[in-house]
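# Structural overview for review
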Amino acid sequence: ILNVEQSPQSLHVQEGDSTNFTCSFPSSNFYALHWYRWETAKSPEALFVMTLNGDEKKKGRISATLNTKEGYSYLYIKGSQPEDSATYLCAPRLGSGGYQKVTFGIGTKLQVIP
Amino acid sequence: DVKVTQSSRYLVKRTGEKVFLECVQDMDHENMFWYRQDPGLGLRLIYFSYDVKMKEKGDIPEGYSVSREKKERFSLILESASTNQTSMYLCAGAGGLGEAFFGQGTRLTVV
């Protein structure tokens with residue numbers, strides 16, 4: 001089982017604060033990395049898929065960067081809002097050939113306090 | 001919208017029962033997955049399938065089997081349910097970029 005670490009495991013921020021969290025993964029055989037947002041009582045939803053070293057993706061106030069050489073990705077939320085409260089999961093895909101195995105991190109649980 | 005639908009939101013079963021969790025997707029994608037989610041452990045892959053009648057073990061296949069007779073349907077089977085299989089089960093199909101589209105989850109309690 002691949003070692004995927006997300007930190008912190010949880011955090012509370014005030015509305016309007018910006019925040020970021022980390023996903024670390026083995027750097028060998030990298031294929032792609034996915035970020036998901038999982039709101040309570042809903043299904044996880046895909047935020048980003050990142051494939052290239054140095055990739056930066058953005059969706060509204062949320063952005064992500066990727067460093068495949070050192071095996072980490074950052075997720076940033078600018079000006080957090082209560083609706084950003086969710087667990088954010090990263091899922092690297094490692095391997096080559098027809099199928100790349102996906103392993104999910106435990107997630108970072110974000111609570112935005114109004 | 002892409003849809004992955006799981007047959008039940010909540011299930012309560014007795015120890016030793018054979019349990020079927022059904023999942024249907026309308027994405028016409030080959031890859032489908034079953035995960036379980038437990039506090040502090042994240043999503044763990046039980047089984048996946050990359051084509052009809054094809055299946056591969058994930059990280060925690062013990063006590064489970066799967067069936068993929070049609071492209072759109074992927075079933076998870078607990079041959080003899082045990083209390084340590086009480087969990088949230090999530091089915092997913094994979095999109096063109098490999099991103100997973102999840103069902104709403106089935107919370108299974110084995111008593």
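Here the structure is shown first, and the text comes after it.
The paragraphs below set out a description of the structure included in this document. A quick note: this is a predicted structure, and the numbers were derived from the prediction, not measured. (Residues numbered from 1 in each chain as written. Chains lettered and ligands numbered in written order. Predicted model: local features only at pLDDT ≥ 70, side-chain atom pairs only at ≥ 80, totals over all residues. Heavy atoms only, no water.)

### Here we look at the overall build of chain B
To be explicit about the condition: Secondary structure follows DSSP: runs of H or I at least 4 residues long count as helices, runs of E at least 2 residues long count as strands, and numbering of each begins at the N terminus. Every radius of gyration here is taken over C-alpha atoms, with the globule rule written as 2.2 Å times N^0.38, N being the number of residues. Only protein chains enter the area calculation, which uses a 1.4 Å probe; residues under 20% of their type maximum are buried, those over 50% are exposed, and those in between are partly exposed. For the area figures, the Shrake-Rupley method with a 1.4 Å probe applies, and any residue is considered shielded solely by the protein chains shown. The convention is simple: Lys and Arg are positive, Asp and Glu are negative, and His and the chain ends are not counted. One atom stands in for each charge, and that atom is NZ of Lys, CZ of Arg, CG of Asp or CD of Glu.
A count of helices and strands for chain B gives zero helices and 12 strands. Listing every helix and strand of chain B by position from the N terminus yields β-β-β-β-β-β-β-β-β-β-β-β. Relative to the globule expectation of 13 Å for 111 residues, the C-alpha radius of gyration of chain B, 13 Å, shows essentially globular dimensions. Expressed as lengths along the three principal axes of its C-alpha atoms, the size of chain B is roughly 40 × 25 × 25 Å. When the 111 residues of chain B are sorted by exposure, 49% land in the buried category. Accessible area of chain B: about 5400 Å², with a carbon and sulfur share of 48%. Between the averaged position of the 15 positive side-chain charges in chain B and that of its 15 negative side-chain charges there is a distance of 7 Å.

### Brief notes about the sheet that holds strand β3 (residues 19-24) of chain A
All names here are of chain A. So the rule is basically this: DSSP calls a pair of strands paired once it identifies at least 2 bridges connecting them. Axis definition: a line fitted to C-alpha atoms, limited for helices to the stretch in contact. Angles are taken between N-to-C directions and run from 0 to 180 degrees.
Read across the open sheet, the five strands follow the order β1-β3-β8-β7-β6; overall the sheet is antiparallel. Edge positions in the sheet fall to β1 (5-7) and β6 (56-59), since each of these pairs with one other strand and no more. Averaged over all neighbouring strand pairs, the angle between strand axes comes to 15°, with direction disregarded. Here β6 pairs with strand β7 (residues 62-67) via four bridges, running antiparallel. Residue pairing in the sheet places E56 in a bridge with T65 of β7.

### Describing the nonpolar core
We apply this condition: Remark: nonpolar core denotes a set of buried residues (Ala, Val, Leu, Ile, Met, Phe, Trp, Tyr, Cys) joined through side-chain atoms within 4.5 Å. Here, residues are in contact when the closest pair of their heavy atoms is within 4.5 Å.
Of all hydrophobic cores here, the largest spans 23 residues; its most connected members are W35, F48, L75 and Y88 of chain A. For this core, the leading source of residues is strand β9 (residues 86-94) of chain A, giving four residues. The residues contacting Y88 of chain A, other than those within four sequence positions of it, are Q6, F21, W35, Y36, R37, L47, I62, L75, I77, G107, T108 and L110 of chain A. Residues V19, Y47, Y64 and L76 of chain B belong to the second largest nonpolar core, which totals 21 residues.

### So, the environment of L41 of chain B
Residues and elements named next belong to chain B. By the element assignment, L41 lies in the loop between β5 (32-38) and β6 (42-49). Relative accessible area serves as the criterion here: at 45%, L41 is assigned to the partly exposed category. The spatial distance from the C-alpha of L41 to the C-alpha of G95 is 25 Å, given a sequence separation of 54 residues.

### Quick notes on the side chain of T106 of chain B
Residues and elements named next belong to chain B. This is how it is decided: Side-chain atoms alone can form a polar contact between residues adjacent in sequence; in general such a contact is a pair of N or O atoms within 3.5 Å, and within protein one must be able to donate a hydrogen while the other accepts it.
Here T106 shows up in strand β12 (residues 106-110). Under the relative-accessibility criterion, T106 is labelled buried at 2%. Within the local environment of T106, its side chain forms a polar contact with the backbone oxygen of S8, the two atoms lying 2.5 Å apart. Discounting residues that sit within four places of it in the chain, T106 has contacts with Q6, S8, R9, L11, L21, S87, M88 and Y89.

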